[in-house]
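Coordinates in review
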Amino acid sequence: MSTLERLRTTLAALKLAAIDARLETLLESAAKQEPAYADFLLETVSTEADARRQRYLKTRLQLAHLPYVKTFEQFDFAFQPSIDERQVRELRTLRFVHDASNVILLGPPGVGKTHLAVALAETAIQSVQAAYFMTAHDLVTDLGQAYREGRLDRRLRIYLAPKVLIIDEMGYLPLDELGATIFFQLVSARYERGSIILTSNKSYGEWGTIFGDPIIATAILDRLLHHSTTVNIRGESYRLKERRKAGLIPLPEQQPDETRASAPSGRGRRNV
Ligand code: ADP
Ligand code: MG
């Protein structure tokens, strides 16, 4: 058996598939560049380590159950000037995950709440923290079912395990009494143990109507907000902007000039 053949057999035995796949490139470039032995070894071993990390992150991303993967790089902060970028920079350090503190993203539909929640989850996963995404409605439905089947405690553990739990679209639908109680249990159980990233189109003042009961709403908010950052987004829907740009929304007939004139000037401001 040639050295190369023995090398391949050994790589296969050790399950070093990434090195195996790049073996020729690695050897050819080493022959050409004559790196120090240690550098060559480092590059070879890194090939495997990088591939494993990518695979691991991919699995973690799939397990996170995100509705889509979007990052901060894909977020146009200039379009949403009400967002304090310094606050976002601080969140991106993931100190809040370390502190088991919560992040509440508030604002009307389409302003980027889910995008930012997903971007934070992606950041957490990149730094090897587990994240899990659910809409508030699916979460409460799932736990309500578990309650009726007498296995609420066991099911709750799924939502207690990840360092970051994203609860999306709180308040789109009101919760019944059982839903509110279950939600309270979840928030209490994660309190000071794991972060919740929550998005809602309702301001805190309206939370009584989500839970149907101001007392439970206060109890939930109390725990949720004790260690938390609120990102309040007041602005136009990004979806609406995109549809308007595509000409899918007719411009108002009364002031076509004004509407047309405002678009380029808005874009101009963002470029400054
Ligand atoms: P919501 O606040 O309703 O959760 P989303 O986060 O789902 O809104 O945003 C709606 C769509 O618009 C998504 O595809 C999102 O990626 C995009 N989007 C929203 N805001 C921005 C932004 N400032 N820059 C880039 N894309 C954005
Ligand atoms: Mg959303």
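Cut-offs and rules
Residues numbered from 1 in each chain as written. Chains lettered and ligands numbered in written order. Predicted model: local features only at pLDDT ≥ 70, side-chain atom pairs only at ≥ 80, totals over all residues. Heavy atoms only, no water. Pairing = 2+ DSSP bridges. Helix = DSSP H or I, 4+ residues; strand = E, 2+ residues; numbered from the N terminus. Axes fitted to C-alpha atoms, helices over the stretch in contact; angles between N-to-C directions. Contact = heavy atoms within 4.5 Å. Salt bridge = Lys/Arg side-chain N within 4 Å of Asp/Glu carboxyl O. Near = heavy atom within 4 Å. Polar contact = N/O pair within 3.5 Å; in protein donor to acceptor, adjacent residues only side chain to side chain. Areas by Shrake-Rupley, 256 points an atom, 1.4 Å probe, with all protein chains shown as cover. Domains from an automatic or database assignment. Nonpolar A, V, L, I, M, F, W, Y, C, P; charged D, E, K, R; others polar. Phe/Tyr/Trp six-rings, centres within 6.5 Å; stacked < 30°, edge-to-face > 60°. Lys NZ or Arg CZ within 6 Å of the ring centre and 35° of its normal.

**Topic: the sheet that holds strand S1 (residues 102-106)**
Taken together, the five strands give an open sheet; going across it, the order is S2-S3-S4-S1-S5, and neighbouring strands pair in parallel fashion. Only two strands of the sheet have a single partner each, and these edge strands are strand S2 (131-135) and strand S5 (228-232). Pairs of neighbouring strands in the sheet enclose a mean axial angle of 15°, with direction left out of account. Helix H11 (residues 214-226) contacts S1, strand S4 (195-200) and S5 of the sheet and is inclined by roughly 115° relative to S1.

**Topic: the pattern of salt bridges**
Summed over all chains, the structure comprises eight salt bridges. Here arginine 52 and glutamate 48 are joined by a salt bridge, their closest N and O atoms 3.3 Å apart. Of this pair, arginine 52 and glutamate 48 both sit in helix H3 (residues 37-63), four residues apart, roughly one helical turn. Counted as one network, the salt bridges with shared partners bring together Arg8, Asp20 and Glu24.

**Describing the site of ligand 1**
Taken together, 15 residues sit near ligand 1, with Lys70, Asp76, Gly110, Thr114 and His115 positioned nearest. Within the backbone of glycine 110, a nitrogen or oxygen atom sits 2.7 Å from an oxygen atom of ligand 1. Arginine 239 is positioned with one of its side-chain polar atoms (N or O) 3.3 Å from an oxygen atom of ligand 1. Contact with the protein chains removes 90% of the 560 Å² of surface that ligand 1 exposes when unbound.

**Quick notes on the domain arrangement of the protein chain**
Frequently, the measure chosen for interface size is the accessible area that the parts lose on association. One can read the domain layout of the protein chain as domain 1 (3-60) and domain 2 (64-271). A separation of 41 Å is found between the C-alpha centroids of domain 1 and domain 2. Taken together, the contact pairs four residues of domain 1 with six residues of domain 2. Applying the counting rule to domain 1 against domain 2 returns zero salt bridges. Joining domain 1 to domain 2, the criterion identifies two residue pairs in polar contact (both at pLDDT 80 or more). Here the residues of the side of domain 1 that touches domain 2 are counted per class, giving two nonpolar, no polar and two charged.

**Observations concerning the packing of aromatic side chains**
Tallied over the entire structure, the rule returns six aromatic pairs. Their ring planes at 90° and their centres at 5.0 Å tell us that phenylalanine 79 and tyrosine 238 sit as a pair that is edge-to-face. Of this pair, phenylalanine 79 sits in the loop between H3 and helix H4 (85-92) while tyrosine 238 sits in helix H12 (residues 238-245), placing them 159 residues apart in sequence. Taken together, the ring pairs connect Phe183, Tyr204, Trp207 and Phe211 into an aromatic cluster. Sitting above the plane of the tyrosine 68 ring, lysine 70 keeps its charged end 5.3 Å from the centroid.

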